[in-house]
Amino acid sequence: GAAGTNAFTSYDMTVYTEEIPSNQIDNWAKIQSDRFANAVIRGFHTELETVYEEYNMSLTSDSRKMLDSLMVALYPHHPYGMHTVLGTQEDLKNPSITNIKNYYKTYYVPNNMAICLSGDFDPDRMIATIDKYFGGLKPNPELPEWRTGGASSEDADMIQLVSSLLSNGKCGLLDVDIQQQQKMLGVGAEDLQLADYGMMVAIGYPKPGQTLEEARDMLLDEIGKLRAGDFDEELLASTIANYKRG
C-alpha cells in the first residue's frame, strides 16, 4: 500500500522516501530494516543506465553546468568540488561493483542514518517498532568523520554549546566527573571556529603513571554520556542562561 516510493542523492545525503498507510507501520519497518541490513545489490546495470541518462541530461542544463563550475571553484580540495553528485562519465562507464558494495558496508550503518517520520501514529509505539526492527543493525566504528561547518554555520553554535556542556570550569561533565574527582591533572574542552571549518577539542592532562590511552578513554566516556543524553537537563538550561547573561 505504499506510495511515493523514491530516492534521491544530494551533496550530503542519500534519502529514501515513502508514504505508507498508518496500519502498515510494522510491515514497513520489517521490510525496510531488512533492506538496509541485508541489501541484495541486483538490477545494477539497468539502474546504471538510468543514472547515465540523468548524466547526459545534465550536460544540456546550463544551471547544472553553472552549479558544477561554482562548486569546483569554491571547493577544489573538498568532495563538494572534486566530483559531482552524479560522478563523471568515466565513472559511469566503468563502475566497480566491489566499490559499491564497500560503500554500502561503510556508510549504510545506523550511526550514519536518520529515520524521519511524520503522520498519524503514536510516537511511543513507533519508537518501539523502530527499535524492534532496526535495533539490530550494527554500527561502523570506523565510520569516516567530517569536520564541522565554519563560523557562520549552525554547527558553530552547536559546537560552542557542546564544548560548554563538557567543560565550563564548574559543572560541565568533564569538570564534575574528572577534574573534581582528581582523575586527571587537568581537563577541558573548547571549540575553534574558522571561516570554512571548525572543530571541538577535548583536552586531558594525564597524572604521573597514567597512560595517554587511559586519559583518552575517560574523555570519550564523557563524550559518550553527552551523546546519550546522560546528564541533568539543568546543565543545558544553565549553560544557555550563562550565554544569555554573557
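Values in this document were obtained by computation on a predicted structure and should not be read as measured data.

J.: I keep staring at the overall build of the chain and nothing clicks. Help me out?
T.: Assigned secondary structure in the chain consists of eleven helices and five strands. Since a compact globule built from 246 residues should have a radius of gyration of about 18 Å, the 23 Å found for the chain marks it as more spread out than a globular shape. Among the 246 residues that make up the chain, the fraction classed as buried is 23%. For the chain, the accessible area works out to roughly 17,500 Å², and carbon and sulfur atoms hold 53% of it.

J.: Is there a simple way to explain the pairing of strand E1 (residues 3-9) in this structure?
T.: Along a regular strand, successive side chains alternate from one face of the sheet to the other. Inspection of the sheet shows E1 paired to strand E2 (residues 14-19) by five bridges, in the antiparallel sense. Pairing of Phe8 across the sheet is with Val15, part of E2. Once E1 ends, the chain turns through four residues before running back antiparallel as E2.

J.: When you look at the side chain of Asp175 in this model, what are you seeing that I'm missing?
T.: Of note, Asp175 is situated in helix H9 (residues 173-179). Among buried Asp, Glu, Lys and Arg side chains, Asp175 stands out as unpaired, with Lys170 the closest opposite charge at 10 Å. Filtering out sequence-adjacent residues up to four positions away, Asp175 remains in contact with Leu166, Ser167, Asn168, Gly169, Lys170 and Gln180.

J.: Would you explain helix H10 (residues 212-228) in this entry?
T.: Taking 1.5 Å of rise per residue, the 17 residues of H10 would be expected to cover 24 Å, and the 24 Å separating its terminal C-alpha atoms lies within 8% of that figure. Burial in H10 covers these residues: Ala215, Met218, Leu219, Glu222 and Leu226. Viewed end-on, H10 has its buried residues packed into an arc of 95°, placing them on one side of the element. Every exposed residue of H10 that faces more than 90 degrees away from the buried side is listed here: Arg227 and Ala228. Where H10 is buried, its residues meet helix H8 (154-166), H9, strand E4 (186-193) and strand E5 (197-205). Positive backbone phi, approximately 75°, marks Gly229, located one or two places after H10.

Calculation notes
Per-chain numbering applies: the sequence of each chain, read as written, is numbered from 1 onward. Residue-level local features of this predicted model are given only where pLDDT is at least 70; pairs of side-chain atoms are given and counted only at 80 or more, and the full residue set underlies all totals for whole chains, interfaces and linings. Values shown for side chains rest on all heavy atoms present in the structure; no hydrogens or waters enter the calculation. Strands are runs of DSSP state E lasting at least two residues, helices are runs of H or I lasting at least four, and both sets are numbered from the N terminus onward. C-alpha atoms define the radius of gyration in this analysis, and the globule rule sets the expected value at 2.2 Å times the number of residues to the power 0.38. Each residue is assigned to one of three classes by its accessible area relative to the maximum for its type, calculated with a 1.4 Å probe on protein chains only: buried under 20%, partly exposed between the two thresholds, exposed over 50%. To be clear on the numbers: accessible area is Shrake-Rupley with a 1.4 Å probe, and residue cover counts the displayed protein chains and nothing else. Between any two strands, at least two bridges found by DSSP are needed for them to pair. When charges are tallied, Lys and Arg are placed among the positive residues and Asp and Glu among the negative ones, while His and the ends of the chain are skipped. Each salt bridge in this description consists of a side-chain nitrogen of Lys or Arg and a carboxyl oxygen of Asp or Glu lying within 4 Å of one another. In this description, contact between two residues means that some pair of their heavy atoms is separated by no more than 4.5 Å. A helix is expected to span 1.5 Å multiplied by its residue count minus one. What the arc covers is the set of directions going from the helix axis to the C-beta atoms.

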